[in-house]
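# Descriptive analysis of the structure
Residue-level listing of the chains:
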Amino acid sequence: MKREKYYISDEAVVKRAKAAVKIELEKKKAMDIPVVVYDRKNQRIYQENSDGSRVEIGKRIRKGRYSERVAEKA
């Protein structure tokens, strides 16, 4: 039996993951539960309420990838 018969493509996995996140965000919004989101442009962490308001709760401390930071120390 071929392996492709039982596995889905990477594109399908990404599509399903994005859909799952979207559904979860909509569910939390409907239940009036705040969501924590990261803004890549501003590098800030926000708590977003169901009414659309945002409250900054943090900012990015470290820059660069973990592997790059470890390589600098070694």
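Residues numbered from 1 in each chain as written. Predicted model: local features only at pLDDT ≥ 70, side-chain atom pairs only at ≥ 80, totals over all residues. Heavy atoms only, no water.

## What to know about the overall build of the protein
Across its full length, the protein holds two helices and three strands. For the protein, the sequential pattern of α-helices and β-strands runs α-β-β-β-α. Against the globule reference of 11 Å for 74 residues, the protein gives a C-alpha radius of gyration of 18 Å, more extended than a compact globule. Dimensions of the protein, computed from C-alpha atoms along their principal axes, come out at roughly 55 × 50 × 15 Å. (Helix = DSSP H or I, 4+ residues; strand = E, 2+ residues; numbered from the N terminus. Rg over C-alpha atoms; globule rule 2.2 N^0.38 Å.)

## A word on the pairing of strand β1 (residues 35-39)
Bridging between β1 and strand β2 (residues 44-48) involves five bridges; their strand directions are antiparallel. Considered in β2, the bridge of valine 36 is made with glutamine 47. (Pairing = 2+ DSSP bridges.)

## Digging into the pattern of salt bridges
According to the stated counting rule, one finds three salt bridges in the structure shown. Here lysine 27 ties to glutamate 24 by a salt bridge, and the two come within 3.8 Å at their closest N and O atoms. Of the two residues, lysine 27 and glutamate 24 both sit in helix α1 (residues 10-30), three residues apart, roughly one turn of that helix. Here glutamate 24 falls in the partly exposed class, since its relative accessible area comes to 33%. The residue arginine 44 makes a salt bridge to glutamate 56 at a minimum N-O spacing of 3.8 Å. Remark: glutamate 56 occurs in strand β3 (residues 54-59) and arginine 44 occurs in strand β2; sequence separation between them is twelve residues. (Salt bridge = Lys/Arg side-chain N within 4 Å of Asp/Glu carboxyl O. Buried < 20%, exposed > 50% of the residue type's maximum accessible area, 1.4 Å probe, protein only.)

## Points about the packing of aromatic side chains
For the structure shown, the criterion picks out zero aromatic pairs. A cation over a ring is seen here: arginine 54 above tyrosine 46, with NZ or CZ 4.5 Å from the ring centre. (Phe/Tyr/Trp six-rings, centres within 6.5 Å; stacked < 30°, edge-to-face > 60°. Lys NZ or Arg CZ within 6 Å of the ring centre and 35° of its normal.)

## Some points on the environment of aspartate 51
Following the sequence through the fold, aspartate 51 ends up in the loop between β2 and β3. Along the primary structure aspartate 51 and lysine 29 are separated by 22 residues, whereas in three dimensions their C-alpha atoms are 8.3 Å apart. Within polar-contact distance, the side chain of aspartate 51 engages the side chain of serine 53 at 2.8 Å. (Polar contact = N/O pair within 3.5 Å; in protein donor to acceptor, adjacent residues only side chain to side chain.)

## So, the sheet that holds β1
Spatially, the three strands line up as an open sheet ordered β1-β2-β3, and their pairing is antiparallel. This sheet does not close on itself; its edge strands, each paired only once, are β1 and β3. On average, each strand axis in the sheet is inclined to that of its neighbour by 30 degrees, with strand direction left out of account. (Axes fitted to C-alpha atoms, helices over the stretch in contact; angles between N-to-C directions.)

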